[in-house]
Amino acid sequence: MIKFENVFFKYSNSTKNVLENINLNIKKGSWTSILGENGSGKSTLMKLLYGQHKPTDGKILINGTEYTEEVYDEIRNSIAVVFQNPDNQFVGATVEEDIAFGLENRNIPTELMDSIIEKSLEAVDMLEYRKYEPVSLSGGQKQRVAIASALALNPQILILDEATSMLDPKARKSILQYIKKINKENEITIISITHDAEESIYSDYIEIMNKGKIVFTGNYNMLYAEPDILDKFNLETPFLERVKNELNDQLGSKIFNITEDEGSVVEKICKLI
Ligand code: ADP
């Protein structure tokens, strides 16, 4: 669905390539996490994807169409983005006005708005807050509204730009679970850029960026089968994997393996106790 072919990019005020020979192939309906420490080029990559900058060299194709000026509007309309800071994303005085604002920008007829707003708030369990002022919501609730606003635009691609990094662990987990549901039920392609390897648990594919290059392409199991990769690129191992590794070391056997999720680990720990 999305292809980067030998993409290079440098900012006009610099001589250094920020992206070097990026090749990516993102499948429709998949969730790809792009991991990398700060300064590795993740945001720049996303800016190219949502058309804020053009590659210095190479091609970006979406559904087989090269991303050029002529198709810019059409492609741009198929992408929605949720950013890091929930407070910077609101323009409306209430939750529903905020979603309506995005719909007005896309020239959606007024008579259709109500049902779109209702459906998108329902998807993140925020319907009861439709008349609330965004300032009265918690950080996690604000991000749920930001996701609802994105969903209302009926995107094919949802980009999460460090969308959970300002949330506490509980709110982060809840947001990621809502996104997983949306990803599966609506077949929306998710691209999440993050420095938090914890998020990779939810994704189908993982790309690691370092110094403007893709240095790893694979999935969760492949990544944690080689635990040194995260260290090498200054990324923190997710808590669940740290617990499994520590318990395996302490118990002197590989009781906990890569494919086990949180529930199974808790169950085994209870049995062991
Ligand atoms: P990340 O999102 O992984 O933190 P960025 O894409 O923001 O990485 O940055 C990659 C590199 O590009 C960094 O060296 C950063 O300093 C540089 N950079 C980012 N934005 C600009 C800009 N507007 N002008 C010049 N250099 C930039």
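Bear in mind that the values here come from a model prediction, so they are computed numbers and not experimental data. (Residues numbered from 1 in each chain as written. Predicted model: local features only at pLDDT ≥ 70, side-chain atom pairs only at ≥ 80, totals over all residues. Heavy atoms only, no water.)

Visitor: Whenever I open this one, the site of the ligand confuses me. Can you help?
Guide: Every residue near the ligand is listed here: Y11, N13, V18, E37, N38, G39, S40, G41, K42, S43 and T44. For the ligand, an oxygen atom lies 3.0 Å from a polar atom in the backbone of G41. Summarising the interface, the protein chains cover 63% of the accessible area of the ligand, which totals 560 Å² for the free molecule. Class assignment for the residues of the shell around the ligand results in 2 nonpolar, 7 polar and 2 charged. (Near = heavy atom within 4 Å. Polar contact = N/O pair within 3.5 Å; in protein donor to acceptor, adjacent residues only side chain to side chain. Areas by Shrake-Rupley, 256 points an atom, 1.4 Å probe, with all protein chains shown as cover. Nonpolar A, V, L, I, M, F, W, Y, C, P; charged D, E, K, R; others polar.)

Visitor: How do you make sense of the packing of aromatic side chains when you look at a structure like this?
Guide: Aromatic ring pairs: the centre-centre distance and the angle between the two ring planes describe each pair. Evaluated as defined, the whole model comprises 5 aromatic pairs. The interplanar angle of 25° and the centroid separation of 6.1 Å between the aromatic rings of W31 and Y202 together place this pair among those described as stacked. Placement of the pair is W31 in strand β3 (residues 31-35) and Y202 in the loop between β8 (189-194) and β9 (205-210), with a sequence separation of 171 residues. The residues W31 and Y202 share a single accessibility class, namely buried. Residues Y220 and Y224 carry aromatic rings whose centres are separated by 4.3 Å and whose planes lie at 50° to one another, so their mutual orientation is tilted. Here the residue Y220 and the residue Y224 both occupy positions in helix α7 (residues 220-224), the gap between them amounting to 4 residues, near one helical turn. Classification of Y220 as buried rests on a relative accessible area of 11%. Residue classification places Y224 among the buried positions, given a relative accessible area of 7%. Above the plane of the ring of F256 lies K268, whose end atom (NZ or CZ) is 5.7 Å from the centre. (Phe/Tyr/Trp six-rings, centres within 6.5 Å; stacked < 30°, edge-to-face > 60°. Helix = DSSP H or I, 4+ residues; strand = E, 2+ residues; numbered from the N terminus. Buried < 20%, exposed > 50% of the residue type's maximum accessible area, 1.4 Å probe, protein only. Lys NZ or Arg CZ within 6 Å of the ring centre and 35° of its normal.)

Visitor: When you look at helix α9 (residues 239-251) in this model, what are you seeing that I'm missing?
Guide: In an α-helix, one turn spans 3.6 residues, which is why side chains three or four residues apart end up on the same side. Along its 13 residues, α9 runs 18 Å from first to last C-alpha, staying within 8% of the 18 Å computed at 1.5 Å per residue. Inspection of α9 places L240, E241, K244 and N248 among the buried residues, and these make up the whole buried set. In a view along the axis of α9, the buried residues occupy a sector of 100°, so they form one face of it. Structural note: α9 exposes F239, D249 and Q250 on the side pointing more than 90 degrees away from its buried face. Against α7 and α10 (262-272) lie the buried residues of α9. (Expected span 1.5 Å × (residues − 1). Arc of directions from axis to C-beta. Contact = heavy atoms within 4.5 Å.)

Visitor: So what exactly am I meant to see when it comes to the pairing of strand β10 (residues 213-218) here?
Guide: A regular strand places its side chains on the two faces of the sheet in alternate fashion. Pairing of β9 with β10 involves 5 bridges; the strand directions are antiparallel. When the sheet's bridge partners are listed, E207 is paired in β10 with T217. In sequence, β9 turns back onto β10 through a hairpin of 2 residues, with K211 there showing a positive phi of about 45°. (Pairing = 2+ DSSP bridges.)

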